[in-house]
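Topology and contacts: notes
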Amino acid sequence: MLENIALIKEVHHYKSIVSAEKEAKDYLSKINIENISNNRVIQCSNLEIFYVKLIRALMTDEDNIIIVLPFSITANLTDVKSFIDNIYMLNHKKILILELYTNKSKYEGILCNIVK
Amino acid sequence: MFLRFVEGIGSKTLSIFNSFYEAFYFTFICFIHLINPKSYSPAMLMVLVKQIYFTAVTIIPLFTMMAIIFGSIIIGVVISLASVYGLQDSIGSILITFSVDEFAPFFTALLISLRSGTAVNTEISVMSVNNELNTLKEYKIDLINYLFLPRIISGIISVTSLSILFALIMLSSGYLFTLFYMNMDFHTYSSLLLTAIELSDVIILLSKGIAFGFVAMIIPIYSGLNTANSYTAIPISVLNGMVKLFIALFIIEVLSLLIQSI
């Protein structure tokens, strides 16, 4: 997973492998999943794969990140609060979540702007 | 009926020309990336090191064994024929021309094509079918720089360096046979070879290694890229790629013989 995340910085910013992987590991540590650093995709849960994809998106130069239907990406997502908290913890960019109106109740009590 | 036949020929011809144009355009683009220093990112260099390791280093034991067996037998046959036909005086140039100019690069190219060409073709096909190539494109990772260039460069380095190794093993075996057939001591043998070898032989070996290495990778890559979007298309892609690769290797060999004969 570490190689997978670090690749973006290595290619776009010509960062050395060591420093790009350190940056990737820092992101994983922020949400306490550094244990998956050396795992392959098959060894990770859906949620861990989702976080890796999100971190990979954070490594790009794009200003905005759009997550479309997170509940469909991570099928067994139950604790939405910790999920959103982790996104806040990782985030230094504007993140937009596109969600179905029927899932509105799942976001109740969570600190985020909901726009209809 | 006749019109349809003519149309069929025209359509087939256009399709052949179109695929030739696309293949040459792809080769040209890869070459442009090859000479651009910006193509060489740390990630690309890491892939390159791994590719060289898998293409050139891990094959060394098997390659050396095959070079000793095949090289020795073939060089033995050449030396025995040379002595039968009274060509002992020209044995140095015969050995150099046969092993350095012709046999070593061609045999190495065949071996690398069989081992790494098929692997690269399958790898790119699987990545294409699994949409991994599209994911890399989404992240604006240049496929040529990250995936194709390391494989092409490793092909060139591997075929060239292994050709040199093969030629050295053949020439070493040649000493044993000259000792056996002609009672030739090592000093005479080595001075014969040193007298016979010319700069042109080294240039031929290197340029054939580069040309063979380049096609041994670029054709499987191109074939893998054009795989249809299903798993059953992967073996078809590998099959087509390998046929095209062997045709290309033979064309290069024939062209080099023609150039040398001029």
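Note: the structure precedes this text.
The sections below set out a description of the structure shown in this document. None of the values given here were measured: they were computed from a predicted structure. What you see as residue numbers is a count from 1 along each chain, following the sequence as written. For naming, the first written chain is A and the first written ligand is 1, with later ones following in the order written. Selection of residues for local features in this predicted model requires a pLDDT of at least 70, selection of side-chain atom pairs for listing and counting requires 80 or more, and totals for whole chains, interfaces and linings are taken over all residues.

Turning to the overall build of chain A, a few remarks are in order. Secondary structure elements follow DSSP: runs of H or I of four or more residues count as helices, runs of E of two or more count as strands, with numbering from the N terminus. Along chain A, the regular secondary structure elements total five helices and two strands. Helices and strands in chain A line up, N terminus first, as α-α-α-β-α-α-β. Put simply, a residue is buried when 20 or more other C-beta atoms lie within 10 Å of its own C-beta and exposed when 12 or fewer do; between those, it is partly exposed, and each C-beta is set from the backbone. The buried share of chain A, reckoned over its 116 residues, is 21%. Pairs at least 24 residues apart make up 67% of the contacts formed inside chain A by residues separated by at least 6 positions. Note that contacts rest on C-beta atoms placed from the backbone: two residues are in contact if these are within 7 Å.

At the interface, seven residues of chain B touch nine residues of chain A. The biggest single contributor to the side of chain B that touches chain A is helix α2 (residues 42-57) of chain B, with three residues. In the scheme used here, Gly and all other residues not listed as nonpolar or charged are polar, with Ala, Val, Leu, Ile, Met, Phe, Trp, Tyr, Cys and Pro taken as nonpolar and Asp, Glu, Lys and Arg as charged. A per-class count over the side of chain B that touches chain A returns six nonpolar, one polar and no charged.

Of note, Tyr14 of chain A is a non-glycine position whose phi angle comes to about 50°, a positive value. Mapped onto the elements of the fold, Tyr14 of chain A is located in the loop between α1 (2-12) and α2 (17-30). Residue Asn131 of chain B is not a glycine yet carries a positive backbone phi of 65°. With respect to the secondary-structure elements, Asn131 of chain B resides in the loop between α4 (91-129) and α5 (132-138). Owing to 12 C-beta atoms within 10 Å, Asn131 of chain B belongs among the exposed residues under this scheme.

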